[in-house]
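A closer look at the structure
Now for the letters of each chain:
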There are 2 protein chains.
Amino acid sequence: MLAQIAEKASDPAGRKIHPREVERVFGALLASSEFWRVVALSRLPVETVAEIIKALIDVGLAVQENGALRLTPGGNARARARGIVPLIERTCPGCTGRGIDLRPYAELLDQFKELVQNRPNAILEYDQGYVTPETTVARLALLAAKGDLQDKELIILGDDDLVSIAAALSGLPRRVVVLEIDPRLTDFIQTLAGTHHLAIEVYRQDLRRRLPAELCRQFDTFLTDPPETIPALELFLTRGLAALKGPCCAGYFGLTYAESSLAEWLTIQQILAGKLKVVVTDIIHNFNEYVNWDYLLESVRKDLSFVQVSPRANWYFSSMYRIETLADYDQENRDRENLALYPGENLS
Amino acid sequence: MLAQIAEKASDPAGRKIHPREVERVFGALLASSEFWRVVALSRLPVETVAEIIKALIDVGLAVQENGALRLTPGGNARARARGIVPLIERTCPGCTGRGIDLRPYAELLDQFKELVQNRPNAILEYDQGYVTPETTVARLALLAAKGDLQDKELIILGDDDLVSIAAALSGLPRRVVVLEIDPRLTDFIQTLAGTHHLAIEVYRQDLRRRLPAELCRQFDTFLTDPPETIPALELFLTRGLAALKGPCCAGYFGLTYAESSLAEWLTIQQILAGKLKVVVTDIIHNFNEYVNWDYLLESVRKDLSFVQVSPRANWYFSSMYRIETLADYDQENRDRENLALYPGENLS
């Protein structure tokens, strides 16, 4: 039965869906009636979950009413027969699963929230979507715990999350540099930095252009949150690596299940291990929690009414990767101006 | 200055030590006077930390008295001048950094502790060293949170941690199988299972022998904690993969900084991504906490008095890797009888 649904949900031209993925969506549907929450719980791409649910509805194992999903009696019976249980994440309530103690950062969090109240909205043009203030501060706490922040030189490649503001506010890093393509953000950061005497160097830069020479091999730590395509991820990581001083430096970036399949995760890991020759030291599940953004429903399938429902709670999370450089990692730094990075770009 | 110490500490024939590694040991020495704690904080191999401290003592930047280490005034001045700060891990006190809520497992933990009171000691012959009962139960909580435990078939490759007992006690998995080389452990597990009516199938097996045919492609999840050499890690992972049913199954294993350098971590990641073609979904720092074992001081350097000090608290931790199988992962299963796995083996 799962095999038939997997077959039905698979794109004939594209990716095959495995029966165990159907099973996982079943488990998520036993725990939530909301599409976006089901996506988060099933740890599968949005598109995959949508196709599986569509197939479940088509064969009468699930129904949707006003956008709320549930298994039919038949669906429940199949789930029970297969021993499928509700997918429930039991994350630590103290740290929401990040593993980091944020209490020493309570004051920083308050200050940061105060300062960024009027931040620019996330826009589709640059594939934006920013994290909660708690996540921004948790990132700093993580960097600090690893010895990658205090008295270190930090570069942030793309900063709609405004990590630079929190980093400078913390007073911990020796230097904070931001590269950002969106002039609304470079302006916002520069204005805040000016008003509050925060030492942040802001460059307006399209990362397809190579890193300015004065920023190469200057940093202890980079942080980035690239658009989730393999070329964009590789590009942003390459720029981060070019900015690092040498071996034993660290980089941080996020990767989701919602946008990247595990096959794409594997490709990224092959690039990291095989090509860039950097080691992954940590992958922290759901470390980054994103604030729901305005353009979500415009950017997803319009033919499925259960998808066209505004999420009630934050549902988009990413795992935090920490990488560390070794003796002979890749330090290439060349222009890549013909690379498509953002939705709807025409680079001809 | 750091560069000179790094040079001095490097093995002329072996691994080069980087100045930033010296810096990290400085940071750890600012936080602790105990060698074993310094190893844990610096996230470097025991041998590397020992060499760096030896070099620091030789040049007068550190001293040891009765096994307690401290920086000299000169050492402190150098640390300050370089902006080195104490390495302090701020892990969440609720979950000791694992990110998992253990409260639903409190009763299981009590039962497990009660049952395993008379467990066999860890012995050098099989490179043993078992985790705390909290860790054993946290492993089950992690598997459960990922959907890899309840109603699943679980195989454990090497079980001095007695995960099989806790797993069967929990009543969650559909099947629990243990492969273990040490007859003291197979006896212990079988006796407990008999007394307490726990459904555990125990095989006495040297993992150099290929997996019995009846165990191939039978399991949803494997768990293993291999000796930390590249061949042993690859062997244990290969056996685990051969036991899995197919794509979308999961494996768990531990890897330390104390025994494996980051260069070795990278090699493992190259094997996982490039050769075995499985994806890493989680790397959870210090998830596994090991109980101090009797033979530690016999197995480490005897020429350094600061090393020959019994650790006061648990100091040996490993990161927990979770891997997931994709469509075309490696499923080889052949005998590897000439592979050396354990200390002092003579396989000629």
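All values derive from a computational prediction rather than experimental measurement.

1. Some details on the overall build of chain A
- Tallying secondary structure elements over chain A gives 12 helices and nine strands in all.
- A globule of 348 residues ought to have a C-alpha radius of gyration of about 20 Å, and chain A, at 21 Å, matches this closely.
- Along the first, second and third principal axes, the C-alpha atoms of chain A reach 65 × 40 × 35 Å.
- Classification of the 348 residues of chain A by burial places 59% in the buried group.
- Within chain A, counting contacts between residues at least 6 apart in sequence, those at least 24 apart form 74% of the total.
- For chain A, the distance from the average position of its 38 positive side-chain charges to the average position of its 47 negative side-chain charges is 6 Å.

2. Concerning the relation of the copies chain B and chain A
- Mapping chain B onto chain A is achieved by rotating through 180° and translating by 0.0 Å along the same axis, at an RMSD of 0.0 Å. Look at the turn and shift together and you get a two-fold axis relating the two.
- Looking at the interface residues of chain B, 100% of them are also at the interface in chain A, so both copies use one shared face.

3. Considering empty space enclosed by the protein
Residue and element names in this part refer to chain B.
- This model, assessed by the stated rule, comprises four cavities of 30 Å³ or more.
- In this structure, the largest cavity spans a volume of roughly 120 Å³.
- Looking at the largest cavity, it is lined by 15 residues, and the ones nearest its centre are Ala40, Tyr257, Ala258, Asn286 and Phe317.
- For the lining of the largest cavity, the secondary structure elements donating two or more residues are helix 3 (35-42), strand 8 (278-289) and strand 9 (317-325).
- Per element, the largest residue contribution to the lining of the largest cavity is three residues, and it comes from strand 9.
- Its residues assigned to classes, the lining of the largest cavity comprises nine nonpolar, five polar and one charged.
- Viewed by domain, the lining of the largest cavity spans two of them, domain 1 (2-82) and domain 2 (103-325), each represented by three or more residues.

4. Examining the domain arrangement of chain A
Residue and element names in this part refer to chain A.
- The assigned domain composition of chain A is domain 1 (2-82) and domain 2 (103-325).
- Computed over C-alpha atoms, the centres of domain 1 and domain 2 are 32 Å apart.
- On the side of domain 2, 19 residues touch domain 1, which itself brings 20 residues to the contact.
- Taking both sides of the interface into account, the surface hidden between domain 1 and domain 2 amounts to around 1,600 Å²; carbon and sulfur atoms contribute 67%.
- Summed over the three residues of domain 1 that lose the most area to domain 2, namely Glu34, Trp36 and Arg43, the buried surface amounts to 39% of that side.
- At the boundary of domain 1 and domain 2, one finds three salt bridges.
- Here Arg312 makes a salt bridge to Glu34, at a shortest N to O gap of 3.8 Å.
- If you look at where domain 1 meets domain 2, you find six residue pairs in polar contact (both at pLDDT 80 or more).

5. Quick notes on the interface of chain B and chain A
- Contact with chain B, which involves 57 residues of that partner, is made by 57 residues of chain A.
- Summed over both partners, the interface of chain B with chain A comes to about 4,500 Å²; 54% of that surface belongs to carbon and sulfur atoms.
- Arg20 of chain B serves as the salt-bridge partner of Asp220 of chain A, at 2.8 Å between the closest nitrogen and oxygen.
- If you list the elements that add at least two residues to the side of chain B that touches chain A, you get helix 2 (19-29), helix 11 (262-276), strand 8 and strand 9 of chain B.
- Split by residue class, the side of chain B that touches chain A holds 25 nonpolar, 12 polar and 20 charged.

Parameters at a glance
- Residues numbered from 1 in each chain as written.
- Chains lettered and ligands numbered in written order.
- Predicted model: local features only at pLDDT ≥ 70, side-chain atom pairs only at ≥ 80, totals over all residues.
- Heavy atoms only, no water.
- Helix = DSSP H or I, 4+ residues; strand = E, 2+ residues; numbered from the N terminus.
- Rg over C-alpha atoms; globule rule 2.2 N^0.38 Å.
- Buried < 20%, exposed > 50% of the residue type's maximum accessible area, 1.4 Å probe, protein only.
- Contact = heavy atoms within 4.5 Å.
- Lys, Arg positive; Asp, Glu negative; His and termini not counted.
- Charge placed at Lys NZ, Arg CZ, Asp CG, Glu CD.
- Least-squares fit on C-alpha atoms with pLDDT ≥ 70 in both.
- 1 Å grid on protein atoms, 1.4 Å probe; cavity = no way out; pocket = protein on both sides within 12 Å on 5 of 7 lines; lining within 4 Å.
- Points joined across faces, edges and corners; volume = space filled by probe spheres on them.
- Nonpolar A, V, L, I, M, F, W, Y, C, P; charged D, E, K, R; others polar.
- Domains from an automatic or database assignment.
- Buried area = accessible area lost by both parts, 1.4 Å probe.
- Salt bridge = Lys/Arg side-chain N within 4 Å of Asp/Glu carboxyl O.
- Polar contact = N/O pair within 3.5 Å; in protein donor to acceptor, adjacent residues only side chain to side chain.

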